[in-house]
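Understanding the architecture of this molecule
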Amino acid sequence: MAPRRTDAAWLAERRADPASRAVIATSDGVLVDGDWAPAAVGVAELPDDAEVVLLGVGDDGAAVFGADPGPERGGALRPAASLVGLRDVAAMSALADANLLAHATGLLNWHRRHRFCANCGHPTASGEAGYVRVCPNCGVQHHPRVDPVVITLVHDGDRVLLGRNANWPERRFSCLAGLVEPGESLEEAVAREVGEEAGITVSDVRYVSSQPWPFPASLMLGFETTYDAGDPHPHDGELQAVQWFTRDELRRAAAGDSDFAIPPPLAIARRLMDGWLARGA
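Here is a short report on the structure shown in this document.

Some remarks on the packing of aromatic side chains
- Inspection of the entire model under this criterion finds 6 aromatic pairs.
- Relative to Phe 223, the ring of Tyr 207 has its centre 5.6 Å away and its plane inclined at 75°; by these criteria the two rings are edge-to-face. Taken together, the positions of Tyr 207 in strand β13 (residues 201–213) and Phe 223 in strand β14 (residues 218–229) put the pair 16 residues apart, joining distant regions of the chain.
- Looking at Phe 223, the relative accessible area reads 1%, which means it is buried.
- Among the aromatic residues, ring-to-ring pairing joins Phe 173, Phe 245 and Phe 260 into one connected group.
- Above the face of the Tyr 131 ring, Arg 5 is positioned so that its terminal group lies 3.6 Å from the ring centre.
- In this arrangement the basic side chain of Arg 159 is found over the ring face of Trp 244, its NZ or CZ atom lying 3.9 Å from the centre.

Notes on the nonpolar core
- Core analysis: the biggest nonpolar cluster contains 19 residues, and Leu 153, Leu 162 and Leu 250 have the highest contact counts within it.
- Counting residues per element, the ones that place at least two in this core are β10 (147–156), β11 (159–164), α7 (247–254) and α8 (268–279).
- The contacts of Leu 153, once residues within four sequence positions are left out, are Val 160, Leu 162, Cys 175, Phe 223, Glu 224, Thr 225, Leu 272, Met 273 and Trp 276.
- Counting 18 residues, the second largest nonpolar core, distinct from the first, contains Leu 11, Ile 24, Ala 39 and Ala 67.

Focus on the packing of α7 against α8
- α8 packs onto α7 with a crossing angle of 125° between their chain directions and a minimal axis gap of 11 Å. Relative to α8, the element α7 lies oblique. Crossing handedness for the pair α7 and α8: left-handed. Here Arg 247, Leu 250, Arg 251 and Ala 254 of α7 lie close against α8, whose contacting residues are Arg 270, Met 273, Asp 274, Trp 276 and Leu 277.
- Looking at side-chain class alone, the contact of α7 with α8 contains 5 nonpolar, no polar and 4 charged residues.

As for α7
- Considered for burial, the residues of α7 that qualify are Arg 247, Leu 250 and Ala 253. Viewed along the axis of α7, the buried residues span an arc of 125°, placing them on a single side of the element.
- Contacts made by the buried residues of α7 are with β11, β15 (241–246) and α8.
- Where α7 terminates, the next one or two residues include Gly 256, which has phi positive at roughly 75°.

Overview of the sheet that holds strand β8 (residues 132–134)
- One open sheet holds the 3 strands; their spatial order is β7-β8-β9, and the pairing between them is antiparallel. Two strands close off the open sheet at either side, each with one partner strand: β7 (125–127) and β9 (141–142).
- The pairing of β8 with β9 spans 2 bridges and is classified as antiparallel. Following the sheet pairing, Arg 133 is matched in β9 by His 142.
- Sheet contacts for helix α5 (residues 95–113): β7, β8 and β9; angle to β8, the most-contacted strand, approximately 20°.

What counts, and where the lines are drawn
- Residues numbered from 1 in each chain as written.
- Predicted model: local features only at pLDDT ≥ 70, side-chain atom pairs only at ≥ 80, totals over all residues.
- Heavy atoms only, no water.
- Phe/Tyr/Trp six-rings, centres within 6.5 Å; stacked < 30°, edge-to-face > 60°.
- Helix = DSSP H or I, 4+ residues; strand = E, 2+ residues; numbered from the N terminus.
- Buried < 20%, exposed > 50% of the residue type's maximum accessible area, 1.4 Å probe, protein only.
- Lys NZ or Arg CZ within 6 Å of the ring centre and 35° of its normal.
- Core = buried A, V, L, I, M, F, W, Y, C linked by side-chain atoms within 4.5 Å.
- Contact = heavy atoms within 4.5 Å.
- Axes fitted to C-alpha atoms, helices over the stretch in contact; angles between N-to-C directions.
- Parallel < 35°, antiparallel > 145°, perpendicular 65-115°, else oblique.
- Left-handed = near helix turned anticlockwise from the far one by under 90°.
- Nonpolar A, V, L, I, M, F, W, Y, C, P; charged D, E, K, R; others polar.
- Arc of directions from axis to C-beta.
- Pairing = 2+ DSSP bridges.

Everything listed here is a matter of geometry and, on its own, says nothing about what the molecule does.
Set out below in structure tokens:
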């Protein structure tokens, strides 16, 4: 789709095409219908001052846009639909729908936070169908920001180490995670974050998979690593608790039959857990 982003004539045709549709992602959430699917909104229905970005072209050949008309007007576009937080939608939606809404949310989050040029402070304008902001004063182009975050499943034989943040839903435990710092490799970031959060050392850091995470603009890089030494405890105050869980305990939590909870299947933390469980089945 990259060449289409600079094709002004094509974009104008798609904006005027009655078949083009938009998914709504505001600062208050995404617009979904009763089946947790993106509410279909015609691009022509959007207010003139809505932030609009191109997401792609659907299987039917129609263009798909993401749009932010503001929370108040977003909900009014489809009174029967609801503005819901993306985290809640991701747990209930089909994977393709969740990915589409995450794409729109991540891009529109960036636009909301980058209205002014970081170089000279002048207001910027959206360009290339929403994939760049241009400063008309100094000419600098600003591109969407992505923050790399390592997320790690620490294992030791038949058990895994999980942590709990006080802001998470009650009884929720998950993998250890943190932002990559300037000047360090991903493997170094894994070892540092685990050490800072849980007070232990690890070895054998292995990359598994990645996942865009638009809260607000992260790219989650999933790893597994082997426990080496140390007494796990909340080390830097970021976590409320860290705790070992056996394979059987984790399997029961995945089945919803436990006194603690883990992330939903769509989250990369859950994919790391499910992969580890499957290898020990």
